Amino acid sequence: MPLRSLAPFKVPRRAAAAQVSQVFNVPAPVGGLNYRDPIAAMQPTDALTLTNFIPKQQGVELRKGWKINTETINYSVESIFSFKSPGQTKIFAAANGDIYDVTTDPATVAVSTTGSTDDEWHTTMFSTPADNFLLAVSPGAGYWTYDTTSGWVQRSVTGLPSDVETVAVWKQRVWFTAKDDQNVYYLDTVNAITGTATSFPMGSLLRNGGSVAALINWTLDAGIGIDDHLVVVGTQGDVGVWAGTDPTTASTFGLKGVWYIGPVPEHGTFYTPFGGDVMIVSEFGLVPMSRLVNGQFGEQQAGPAAKIQSVLGPLIKRLRGDKFWNVFSVPAEDILVISLPAEGGTYRQFGMNVTTGAWCLFDGMPLRCATMVDGSLYFGTEDGYTCQGLTGSTDNALINGTAGNAVLGEIQSAFQAFGSAANLKKFQMARPIFISQAQPSVKLRMNTQFATTSPGGAPTFFDAESAYWDSAIWNVASWVGDNTYQAWAGTSGLGYYGALRMKVRGLPGTIFTSSHIMSEPGGVM
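An account of the accompanying structure is given in this report.

About the cut-offs
- Residues numbered from 1 in each chain as written.
- Predicted model: local features only at pLDDT ≥ 70, side-chain atom pairs only at ≥ 80, totals over all residues.
- Heavy atoms only, no water.
- Helix = DSSP H or I, 4+ residues; strand = E, 2+ residues; numbered from the N terminus.
- Contact = heavy atoms within 4.5 Å.
- Core = buried A, V, L, I, M, F, W, Y, C linked by side-chain atoms within 4.5 Å.
- Buried < 20%, exposed > 50% of the residue type's maximum accessible area, 1.4 Å probe, protein only.
- Pairing = 2+ DSSP bridges.
- 1 Å grid on protein atoms, 1.4 Å probe; cavity = no way out; pocket = protein on both sides within 12 Å on 5 of 7 lines; lining within 4 Å.
- Points joined across faces, edges and corners; volume = space filled by probe spheres on them.
- Salt bridge = Lys/Arg side-chain N within 4 Å of Asp/Glu carboxyl O.
- Axes fitted to C-alpha atoms, helices over the stretch in contact; angles between N-to-C directions.

Right, let's get into the environment of G31. With respect to the helices, strands and loops of the structure, G31 is situated in the loop between β1 (22-27) and β2 (32-33). In this structure the C-alpha to C-alpha distance between G31 and Y485, which are 454 residues apart in sequence, comes to 23 Å. Here G31 is in contact with T45, D46, K307, A358 and W359, once residues within four sequence places are set aside.

Moving on to the nonpolar core. In terms of nonpolar packing, the biggest core is built from 54 residues, with I338, F350 and W359 touching the most fellow members. Ignoring any residue separated from it by four or fewer positions in sequence, one finds I338 in contact with V281, L286, L312, W325, N326, R348, Q349, F350 and W359. Listed in part, the 19 residues of the second largest apolar core include A213, V239, V241 and L292.

Before going further, it helps to examine the pairing of strand β20 (residues 226-234). On a regular strand, each side chain points to the face opposite its neighbour's, so the side chains alternate between the two faces of the sheet. Strand direction decides the pairing type here: β20 and strand β21 (residues 238-244), joined by four bridges, are antiparallel. In the strand pairing of β21, V231 is matched with V241. The turn joining β20 and β21, which pair antiparallel and follow one another in sequence, is formed by three residues; a positive phi near 105° is taken by G237.

Because side chains alternate across strand β9 (residues 98-101), one face comprises the buried residues D98 and Y100, and the other comprises I99 and D101, equally buried. As judged from the four bridges shared by strand β8 (residues 88-95) and β9, these two strands associate in the antiparallel manner. Following the sheet pairing, A95 is matched in β9 by D98. Counted between consecutive antiparallel strands, the loop separating β8 from β9 contains two residues, among which N96 sits at a positive phi close to 55°. Here three bridges tie β9 to strand β10 (residues 108-111), and the two strands are oriented antiparallel to one another. Directly across from D101, in β10, lies its bridge partner T108. Joining the antiparallel neighbours β9 and β10 is a turn of six residues.

Bringing empty space enclosed by the protein into the picture now. What the rule picks out here adds up to two cavities of 30 Å³ or more. Looking at the largest cavity, its volume works out to about 50 Å³. V26, P27, A28, P29, I411, S413, L500, R501, M502, F512 and S515 together form the lining of the largest cavity. At the level of elements, β1, β36 (408-413), β44 (498-505) and β45 (511-521) are the ones that each hand at least two residues to the lining of the largest cavity. For the lining of the largest cavity, the leading source of residues is β44, giving three residues. Considered as a void within the structure, the second largest cavity measures approximately 40 Å³ in volume. Forming the boundary of the second largest cavity are V26, S413, A414, Q416, F418, M446, G498, A499, L500, S515 and I517. Elements with a contribution of two residues or more to the lining of the second largest cavity: β44 and β45.

Attention now moves to the pattern of salt bridges. Enumeration according to the criterion identifies 15 salt bridges in this entry. Residues K90 and D101 are paired through a salt bridge, measuring 2.9 Å at the closest nitrogen-oxygen approach. Note that K90 is positioned in strand β8 and D101 in strand β9, a separation of 11 residues in sequence. The class for K90 is partly exposed, based on a relative accessible area of 21%. On the basis of relative accessibility, which here comes to 14%, the residue D101 falls in the buried class. The salt bridge partner of K171 is D227, with a shortest N-O separation of 3.3 Å. Remark: D227 occurs in strand β20 and K171 occurs in the loop between β15 (164-170) and β16 (173-178); sequence separation between them is 56 residues. Connected via shared salt-bridge partners are E266, E283 and R320.

Read from one edge of the open sheet, four strands run β15-β16-β17-β18, paired in antiparallel fashion. Strands with a single pairing partner mark the edges of an open sheet, and in this sheet they are β15 and β18 (197-201). Between one strand axis and the next, the sheet turns by 30° as a mean value, whatever way the strands run. In terms of strand pairing, strand β17 (residues 183-187) meets β18 through five bridges, oriented antiparallel. Paired with V184 across the two strands is F200, which belongs to β18.

By themselves, these are just geometric observations and shouldn't be taken as functional.
Shown next, in the form of structure tokens:
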């Protein structure tokens, strides 16, 4: 049988369409905020915006909320501080010349008419063989103590100025600074809370002028064993470190060195212990004492706040004279917080992951003054409330923890070229991926060509009540536990570089892990 050729198709077959769109995986910005590097050369794990999300190792996590603790003070809360001894914990706040007990609601007046000129109190705990004491000082009010036996007592110390400003304990001896004073003052007797104060001149180490702003006890190992050193900080940025035991003689008390860190804030607490270190906020940023004295902090060696210094530094210069600065660690969240004075009625706090050094920003938390109590954050507000911070699932919750608003976070990752930086891209879709106990609500957009535009409006989040075994309705209730949530969302944008911008509302602990970005590559023109 002869072979015959096949008859041609009357309708030509269409060639398979070539795949045009590409999908890229972008990790969460666990490297935190980056205001330092060129905007076109950042790592994918950096962020241009990271508000109310804490950078953790596995992703960025939505912070916890805050709730009202007391609501019966009708004046701005200017200071908040705590007393802790075996069997008793007390929280106090200062407002309108009085000291209030704000341990529980309602707040009650503990001391009426203290004489304080500005209600700015500085406190420290001191344990002696006799008892545990809270030492408290304020310009105009003088020196007060609190203990479980006598309560609040105003102390009269011979030789101590009335405008005493800060108090510290070093080598079991109480030390003081006074307003606009270059001298410091110490009690002659160790393990005593009253007696006679002797002045000690510090003017020689204040090479840039000003007065003594703070005294800090710093415990470190200087190579000959662990010892306590006294750190003296001047208002204009001079820092002196003293060692010894007895300040009455030069042979037992000596200056080890003087360094310069730039002017420090005038109000609040601008330093905090940090492990075996001390962190100080100044116009140079966040200064670790250990690196300063070892010559490892300066213009050529980046400090822990290097990635945000271009923003933090100008803020410190602009707000240095405003109330109030607060620096503290929150161990339960693994963060160190720098709380700024309000600007235009807006309160903000920078937070640093203490393990990775990555930074974020908090807003929506009206923190005017702060204290840590048993590892929990408490703060006072301008409208007379005391609150517990970084707790619960909503902001501005009531005293019983109900109501409030779901925490709103915002993220913009670093700009990426998504292939070749020379080729134009058309961004089509984005798929953020979250781990959470409830599906978060998201509004997103793709920013191109280095824009930082926020999505319009705000997402609405309703927390479905969690279900429990043997009481919830099968196939209806939402079961407790972490789940992964991901969904494609349409985007638009044309550019050579792109970055995902999102507003997110959800439960605290919601973790943004990564995103998938779909784009269509184009030409170079």
